Amino acid sequence: MIDSAYVRGMIVKVDLNCMSRHQPIEHVNPALIVVLTIITFGLYSLYLLYRWIIALNNFNLTDKKMMTPGWAVILTIITFGIAGIYFQYEVARQAQAIAMEELPKGLSRSMTLRPPRKHLKEIILYGSIASFALFIASSGILSLIAFIFDIWLILEIQAAMEYCFGARPNDM
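Here's a quick rundown of the structure.

### Topic: the packing of aromatic side chains
Aromatic ring pairs are described here by two measures, namely the spacing of the ring centres and the angle between the planes.
Okay, step 1: Inspection of the entire model under this criterion finds 4 aromatic pairs.
Okay, step 2: With 5.7 Å between their ring centres and 85° between their planes, Phe59 and Phe165 make a pair best called edge-to-face. Of this pair, Phe59 sits in helix α2 (residues 43–59) while Phe165 sits in helix α6 (residues 143–165), placing them 106 residues apart in sequence.
Okay, step 3: Since its relative accessible area comes to 21%, Phe59 is described here as partly exposed.
Okay, step 4: Overall, the relative accessible area of 0% leaves Phe165 in the buried class.
Okay, step 5: The interplanar angle of 65° and the centroid separation of 5.3 Å between the aromatic rings of Tyr86 and Phe87 together place this pair among those described as edge-to-face.
Okay, step 6: Classification of Tyr86 by relative accessible area gives partly exposed; the value is 48%.

### Regarding helix α1 (residues 30–39)
Okay, step 1: Two to three positions downstream of the cap, the backbone nitrogen of Ala31 sits 2.9 Å from a side-chain oxygen, assigning the N-cap of α1 to Asn29.
Okay, step 2: Downstream of α1 by one or two residues, Phe41 has phi in the positive range, about 55°.

### Observations regarding the environment of Pro30
Okay, step 1: Of note, Pro30 is situated in helix α1.
Okay, step 2: Accessibility expressed as a relative area gives 30% for Pro30, which makes it partly exposed.
Okay, step 3: Taking the C-alpha atoms as reference, Pro30 lies 9.6 Å from Trp152; in sequence the two are 122 residues apart.

Each value, and the rule that gives it
Residues numbered from 1 in each chain as written. Predicted model: local features only at pLDDT ≥ 70, side-chain atom pairs only at ≥ 80, totals over all residues. Heavy atoms only, no water. Phe/Tyr/Trp six-rings, centres within 6.5 Å; stacked < 30°, edge-to-face > 60°. Helix = DSSP H or I, 4+ residues; strand = E, 2+ residues; numbered from the N terminus. Buried < 20%, exposed > 50% of the residue type's maximum accessible area, 1.4 Å probe, protein only. Polar contact = N/O pair within 3.5 Å; in protein donor to acceptor, adjacent residues only side chain to side chain.

Next up, the structure:
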């Protein structure tokens, strides 16, 4: 079984044990996320959003699914990121719910993974609104602060998703 530990800074697949068969969540080095987000001018964050929604939709086989990931990305682009606040909030809300669920017998989470922050969804909602307002109110002058906050949010959501889908069989 592949665990979620870092392997020389490379992307390592996390075994999901059928929790999300079609689109597994991969562990991505946080430094790589930062670099890719910066050099792609934020497009990499849309790719991550796409992957997160696919994983959650596959996990929620019977529950109400989120919007299709393609439409979520398109709406985020069309609304200049405003719809992305909602989708990131929903991803965090569902990730926190999954993290609180008891795992099926025989599965355990890797000790190298940390659970999502306690109020991640609220931080995303209110922090993103404040970050967007800061960007607009300053006419872009304080956009670096908003961009740093947005990158931090992406890292936190990715860590939450890795925790939720990083289950592996017990070694017993």
